[in-house]
Number of protein chains: 2
Amino acid sequence: MQKGKASILLEHPPYIASAASIAGKKEGEGPLGSLFDLVEQDGMLGEKNWEAAESQLQKKAAELAIQKADLKPQDIRYLFAGDLLGQLIATSFGLMELEIPLFGLYGACSTFGEAISLGAMTVAAGYADRSLALASSHFATAEKQFRFPLGYGNQRAYSATWTATGAGAVVIQSQSCPGALAKITGMTTGKVVDFGLKDSTNMGAAMAPAAFHTIWQHFQDFDRDEKAYDRIITGDLGTIGQTILLDLLRKEGYDLAGSHMDCGIELFDSESQDTHAGGSGCGCSAITLCSYVLPKMKDGAWKRVLFVPTGALHSTVSYNEGQSVPGIAHGVVLESVGMP
Amino acid sequence: MQKGKASILLEHPPYIASAASIAGKKEGEGPLGSLFDLVEQDGMLGEKNWEAAESQLQKKAAELAIQKADLKPQDIRYLFAGDLLGQLIATSFGLMELEIPLFGLYGACSTFGEAISLGAMTVAAGYADRSLALASSHFATAEKQFRFPLGYGNQRAYSATWTATGAGAVVIQSQSCPGALAKITGMTTGKVVDFGLKDSTNMGAAMAPAAFHTIWQHFQDFDRDEKAYDRIITGDLGTIGQTILLDLLRKEGYDLAGSHMDCGIELFDSESQDTHAGGSGCGCSAITLCSYVLPKMKDGAWKRVLFVPTGALHSTVSYNEGQSVPGIAHGVVLESVGMP
């Protein structure tokens, strides 16, 4: 196994056997709308409250990913999952009925990267034949958790991002299969990075240094640069975070202008959908990976990508106590199944 | 590698090279008081607020565990850590300065079991030479997060437990060393278990079914029973949860009356310290393991224990929305270094 300071290349890369994306109505009206497995027209998903709705997103994404891989829940050994809510309630209540051993994760909006990393590591080590990695967010639960009551109708800063409603799930397994979407060949695990930014309505700027650090570390660890990748895909930096990331990398001699993609920029049409700097939330990168990126890898259009979801590590308590908003980003290397 | 439905026995068990326990004043006045590495007399730890104090607990526990193993932060490849607060702010802000790749975990009060499991799995698989597993809780941050403002001085139910102030950390490494405390030989990963209990002031009862399930599953997976263990150690069931756990296991033919120990019952003298059903919080099982259990294993007084921290998966939001309090419990098998 090849290792760098914060990175691993797996000797026996596991496969993504299937992926499922469940999106909200607004996400369904965006540029990727036709690619999602399911677009929920009702933000409540028939439930009594938003949190229960987000739990439904998780449940549906997990069940659909399992079904698409032609499996049953008992075929999955471990769940690696998380969401943005205090004490991960969307995850705990959403995945309960599956009765699968659960590792609850919190990496803010980087959670899907953390989940895929650990899911792939456990499968590659032989601890599990199959794991399921999953993450969700919901616009209304996130606004309630982090910002203002929706009924208050506050104005949003232009630097703010729109928390995506959606859940993405991938089945990770040791063996390839006819429908396999990609291989997970490595990972670079992020550390907490804090540039001291305190504006929680500008999370792209808060997270860009973490994305920078993980991508830079990845390049150092394997003596690679941007040319090794068809795309380097961050989670939810949005337009402001993207500018900062590209600037920071340029100063280190890396030009990602042609290869960088941000799920938050892809998910919405910022002009017609009034989403300002872009999309965000664990669900943003999760549904973009599952609906858009992985199919492109299956088709062979992209041979190798670095997927780097980015998280802003703050809570209303830390914010109100005057703390900064540190970031974290977890990188995962995905390669076409056909790659040697 | 021997595997059961939810369990693994590791082929190359990693070692706990060192352990650190930082406790609060009240914990220091309890039965285990003389065993802790450090007893903080000031609940604020010199910080401006309780959350920053809890971050200090994490930082001090991590640094002390690293120092006791005669290492430097850069010798640790991964941190596996969590706390009880929304968005894990104690962890994110507490461990930032270490600059070590971080997997943020949330398993409520079971987090130390989750962290040791994943820390040991990554080391045993060769992904890391050394990981650090860590968990914390703080009475005041938990009361503020989950219950009432401290100044309100509400009465506490007799079924309630007292959230421990403390942080515990262990350095897990692939090679043994002169001071090694124990080997981590296996783990049984818990699923979410919900018996429908809705009383968040009786978390012992809410978590007992999860503890039962993990212990029962562990016995099934390896065809073992309580006789295989010197102690089976739950995290924070307290006196009420203990009664329920022993009852549930007795119905399945297992008698743990002689071998069960609960960290929440050990940590405080319930009569003189007015802690009602016992101690709780991630820190409760973490500091009890690090200060009391691991030294007993090093001395050879206990050869093999099953450590099963238990978590109650709820938030004030889920509680206020009328949801139940499901539980989860993650089991870890610890054996004396001298065991074959």
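These figures come from a predicted structure and were not determined experimentally. (Residues numbered from 1 in each chain as written. Chains lettered and ligands numbered in written order. Predicted model: local features only at pLDDT ≥ 70, side-chain atom pairs only at ≥ 80, totals over all residues. Heavy atoms only, no water.)

Examining the interface of chain B and chain A
Part 1 of the argument: With 60 residues of chain B at the interface, the matching set in chain A holds 60 residues.
Part 2 of the argument: Around 4,900 Å² of area is buried between chain B and chain A when both sides are counted, 61% of it from carbon and sulfur atoms.
Part 3 of the argument: For the chain B face of the interface with chain A, the top three residues by lost area are B:Gln87, B:Phe93 and B:Tyr127, together amounting to 17%.
Part 4 of the argument: Summed over the shared surface of chain B and chain A, the result is four salt bridges.
Part 5 of the argument: Linking A:Glu321 and B:Lys144 is a salt bridge whose minimum nitrogen-to-oxygen distance equals 3.0 Å.
Part 6 of the argument: Joining chain B to chain A, the criterion identifies 28 residue pairs in polar contact (both at pLDDT 80 or more).
Part 7 of the argument: Broken down by element, the side of chain B that touches chain A gets its largest block of residues, six residues, from helix H4 (residues 111–124) of chain B.
Part 8 of the argument: Taken together, the residues of the side of chain B that touches chain A sort by class into 30 nonpolar, 19 polar and eleven charged. (Contact = heavy atoms within 4.5 Å. Buried area = accessible area lost by both parts, 1.4 Å probe. Salt bridge = Lys/Arg side-chain N within 4 Å of Asp/Glu carboxyl O. Polar contact = N/O pair within 3.5 Å; in protein donor to acceptor, adjacent residues only side chain to side chain. Helix = DSSP H or I, 4+ residues; strand = E, 2+ residues; numbered from the N terminus. Nonpolar A, V, L, I, M, F, W, Y, C, P; charged D, E, K, R; others polar.)

Comments concerning the packing of aromatic side chains
Part 1 of the argument: Across all of its chains, the model carries 16 aromatic pairs over all chains by this definition.
Part 2 of the argument: For the ring pair A:Tyr292 and A:Trp302, a centre distance of 5.8 Å and an interplane angle of 80° mean the geometry is edge-to-face. One end of the pair, A:Tyr292, is in helix H10 (residues 282–298); the other, A:Trp302, is in the loop between H10 and strand E14 (304–308), and ten residues separate them in sequence.
Part 3 of the argument: On the accessibility criterion, A:Trp302 (6% relative accessible area) is buried.
Part 4 of the argument: Both rings, one in B:Phe219 and one in B:Tyr254, keep their centres 4.7 Å apart while their planes meet at 45°; by these two values the pair is tilted. Highlighted residues: B:Phe219 in helix H6 (residues 203–222) and B:Tyr254 in the loop between helix H7 (238–251) and strand E12 (260–262), separated in sequence by 35 residues.
Part 5 of the argument: Its relative accessible area of 1% is what places B:Phe219 among the buried residues.
Part 6 of the argument: The exposure class of B:Tyr254 is buried, given its relative accessible area of 13%.
Part 7 of the argument: By the ring-pair criterion, three or more aromatic residues cluster together here, those being A:Tyr78, A:Phe80 and A:Phe103.
Part 8 of the argument: We note B:Lys26 situated over the ring of B:Trp162; from NZ or CZ to the ring centre the distance is 4.2 Å. (Phe/Tyr/Trp six-rings, centres within 6.5 Å; stacked < 30°, edge-to-face > 60°. Buried < 20%, exposed > 50% of the residue type's maximum accessible area, 1.4 Å probe, protein only. Lys NZ or Arg CZ within 6 Å of the ring centre and 35° of its normal.)

Notes on the relation of the copies chain B and chain A
Mapping between the two chain copies consists of a rotation about an axis together with a translation along that axis.
Part 1 of the argument: Note on the identical chains: chain B maps onto chain A by a rotation of 180° and an axial translation of 0.0 Å, with an RMSD of 0.0 Å. In short, the pair behaves as if placed about a two-fold rotation axis.
Part 2 of the argument: In this assembly the copies share their binding face: 100% of the residues contributing to the interface of chain B also contribute to that of chain A. (Least-squares fit on C-alpha atoms with pLDDT ≥ 70 in both.)

Some details on the pairing of strand E3 (residues 15–23) of chain B
Residue and element names in this part refer to chain B.
Part 1 of the argument: Counted residue by residue, E3 has nine buried out of nine residues, so it is predominantly covered.
Part 2 of the argument: Of the pairings in the sheet, the one linking E3 to strand E10 (residues 182–188) comprises two bridges and is antiparallel in character. If you follow Tyr15 over to E10, its bridge partner there is Lys183.
Part 3 of the argument: Bridge analysis of E3 against strand E4 (residues 38–39) gives two bridges, and the strand direction is parallel. (Pairing = 2+ DSSP bridges.)

Examining the environment of B:Ile244
Residues and elements named next belong to chain B.
Part 1 of the argument: With respect to the secondary-structure elements, Ile244 resides in helix H7.
Part 2 of the argument: Considering only alpha carbons, one finds Ile244 and Ser110, 134 residues apart in sequence, at a separation of 18 Å.
Part 3 of the argument: Excluding residues within four positions of it along the chain, Ile244 makes contact with Ala205 and Ala208.

Quick notes on the packing of H6(B) against H7(B)
Residues and elements named next belong to chain B.
Part 1 of the argument: With their axes 8 Å apart at the nearest point, H6 and H7 run at an angle of 35° to one another. Viewed along their axes, H6 and H7 form a crossing whose handedness is right-handed. Residues Gly204, Ala205, Ala208, Pro209, Ala211, Phe212 and Ile215 of H6 pack against Gly241, Ile244, Leu245, Leu248 and Leu249 of H7.
Part 2 of the argument: A breakdown of the residues in the contact of H6 with H7 according to their chemical character gives ten nonpolar, two polar and no charged. (Axes fitted to C-alpha atoms, helices over the stretch in contact; angles between N-to-C directions. Left-handed = near helix turned anticlockwise from the far one by under 90°.)

Remarks on the packing of helix H2 (residues 50–68) of chain A against helix H5 (residues 139–146) of chain A
All names here are of chain A.
Part 1 of the argument: Where H2 meets H5, the axes come as close as 8 Å, and the angle between the chain directions of the two elements is 135°. With respect to each other, H2 and H5 are oriented oblique. Here H2 and H5 pass one another in a crossing that is left-handed. Where H2 approaches H5, its residues Trp50, Glu51 and Glu54 are matched on the opposing element by Ala140, Thr141 and Lys144.
Part 2 of the argument: Considering only residue class, the contact of H2 with H5 consists of two nonpolar, one polar and three charged. (Parallel < 35°, antiparallel > 145°, perpendicular 65-115°, else oblique.)

Overview of H2(A)
Residue and element names in this part refer to chain A.
Part 1 of the argument: Compared with the 27 Å implied by 1.5 Å per residue over 19 residues, the 27 Å span of H2 between its first and last C-alpha is a close match.
Part 2 of the argument: Two or three places before Glu51, at the start of H2, stands the capping residue Asn49, its side-chain oxygen 3.4 Å from that residue's backbone nitrogen.
Part 3 of the argument: Asp70, located one to two residues past H2, shows a positive phi value of around 60°. (Expected span 1.5 Å × (residues − 1).)

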